[in-house]
Amino acid sequence: DDADDQLLRVGNLRKEFGGITAVDGASFAVADGSLTGLIGPNGAGKSTTFNCITGIHEPTAGEINFNGEDIAGLAPNAVADRGLVRTFQIARELAEMTVLENLMLAPKRQQGESLYRSVLPTFRNGVIEEETELREAVWESLEFFEIDHLAEDRAGTLSGGQRKLLEMARALMTDPDMLLLDEPFAGVNPTLETKLLDRINQLRDEEGLTFLLVEHDMDIIMEHCDPVIVMHQGRVLAEGPPEEIRNNERVVDAYFGD
Ligand code: ADP
Ligand code: MG
C-alpha cells in the first residue's frame, strides 16, 4: 500500500480500563476514499478503538495519525475540526427538539479545508457562517436524506431508522473528510437500511468521503466494504478484501471458536 493514500493510521493502539485491556496493540490503516469495514466478535475492542480515534477516550498508548497529523489524545471537537467525525445517538435534550433544529444546532467545523462538496453545494465554500446559508445547507441535507417531510417533527418521535438518517445528517453538518459509523443499521428496517447504504456509497463515490464502518451484518460488510479489517481480543487478526476475509480460517475461528 502507498502510505500517501492512507488517511488514517493507527499504530500499536492500547486502551486499558483499570485491569481490562480493551485494545491490545491494534494497528491498521484506512485508505483515503475507501469504505473500510471493521468487524470482530463482541468485545473485540471495535467501539473502544473508535472512541480512542475520535477523542472520547485517551489511549493508554499508541499512535493515531490523521491526514498526516498526530491526533492521539486530542479532544473530540479538535478531532472533528480536523475532519474526522463519528455519529452519535441523539441525546435526550436533542430528542425534544425538531429535526430541523437538530441540524441547525449541529457542531460546525472550525478550521481546515472541506473536501466534500457537490452533493451539498452550499458547503462548497467550507465553513458556514451565515444563518441563511446554514438554513440552506440544512434543507439540502434534509432532502439528501429524504427526511425533509419530518423537519418539524421532534427528533424523539422518529423511528429507529429515521433517527439513524438524522444522526448521519447531523454528523455530516460538521463537513468531515472521514466518518466513523458504529453499527449504523441497528434497529433499521430494510428500506431505510438500503437508503443509508446508498447515501454512504454516494458520498464516497461523488465526494471522496472516507468511511470506517463497524457492522455485525456480514452480508452488508461483504457487499459494500473493501478492505475488511478483523479485530479479535483487542488486536487486528486479519485484513484484506472481503472474499479473502470470508474464507480466512483464523477469522472463522475467532467467531465460532473457543
Ligand atoms: P466491541 O465494540 O468490539 O464489542 P468494546 O470496545 O465495546 O468491543 O469492548 C472491548 C472490551 O472493553 C470489552 O471487554 C468491554 O467490556 C471493555 N470495555 C469497553 N468500554 C469499557 C469501559 N468504559 N470500562 C470498562 N471496560 C470497558
Ligand atoms: Mg461495539
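For clarity, every value in this text was computed on a predicted model and none was experimentally measured.

Enquirer: So what exactly am I meant to see when it comes to the site of ligand 1 here?
Expert: Contacts to ligand 1 come from F17, I20, A22, G40, N42, G43, A44, G45, K46, S47 and T48. Among the elements of the structure, β2 (20-31) and α1 (46-53) are those that each provide at least two residues to the shell around ligand 1. Broken down by element, the shell around ligand 1 gets its largest block of residues, three residues, from α1. Across the shell around ligand 1, the residue classes break down as four nonpolar, six polar and one charged.

Enquirer: Explain the pairing of strand β8 (residues 210-214) to me, please; I cannot follow it from the model alone.
Expert: When a strand is regular, its side chains alternate between the sheet's two faces. Among the five residues in β8, five count as buried, and that is most of the element. Here β8 shows no split at all, with T210, L212 and V214 on one side and F211 and L213 on the other all buried. Direction of pairing for strand β3 (residues 35-39) relative to β8: parallel, over a ladder of four bridges. Directly across from L35, in β8, lies its bridge partner F211. Relative to β8, strand β7 (residues 178-182) is paired through five bridges, and the arrangement is parallel. Of the residues in β8, the one forming a bridge with L180 is L212. Where the polypeptide runs from β7 across helix α7 (residues 190-207) and back to β8, its parallel neighbour, the crossover connection is right-handed.

Enquirer: Would you explain the pairing of strand β4 (residues 61-66) in this entry?
Expert: With five bridges connecting them, strand β1 (residues 6-17) and β4 associate as antiparallel partners. Among the inter-strand pairings, L8 is bridged to a residue of β4, identified as F66. Linking β4 to strand β5 (residues 69-70), which pair antiparallel, is a turn of two residues; within it N67 sits at a positive phi near 55°.

Enquirer: Would you take a moment to explain unusual backbone geometry for this structure?
Expert: Glycine aside, residues mostly have negative phi angles, and peptide bonds mostly take the trans form. Put simply, D226 and P227 share a cis peptide bond, and its omega is 5°. In this fold, P227 is placed in the loop between α8 (218-224) and β9 (228-232). The phi torsion at Q233 lies on the positive side, around 50°, for a residue other than glycine. Tracing the backbone shows Q233 in the loop between β9 and β10 (235-240).

Enquirer: What should I look at first to understand the confidence of the model for the protein in this one?
Expert: Any residue range with low pLDDT should be treated as having predicted coordinates unsuitable for detailed reading. Of the residues in the protein, 90% have a pLDDT of 70 or more, and the chain-wide mean is 89. Note on residues 112-118: pLDDT is under 50 here. Beyond four places in sequence and across chains, it has 18 contacts.

Quick notes on the rules
Residues numbered from 1 in each chain as written. Chains lettered and ligands numbered in written order. Predicted model: local features only at pLDDT ≥ 70, side-chain atom pairs only at ≥ 80, totals over all residues. Near = placed C-beta within 6 Å. Helix = DSSP H or I, 4+ residues; strand = E, 2+ residues; numbered from the N terminus. Nonpolar A, V, L, I, M, F, W, Y, C, P; charged D, E, K, R; others polar. Buried ≥ 20, exposed ≤ 12 C-beta atoms within 10 Å, placed from the backbone. Pairing = 2+ DSSP bridges. Right-handed = clockwise from strand over helix to strand, strands pointing away. pLDDT = per-residue confidence, 0-100. Contact = placed C-beta atoms within 7 Å.

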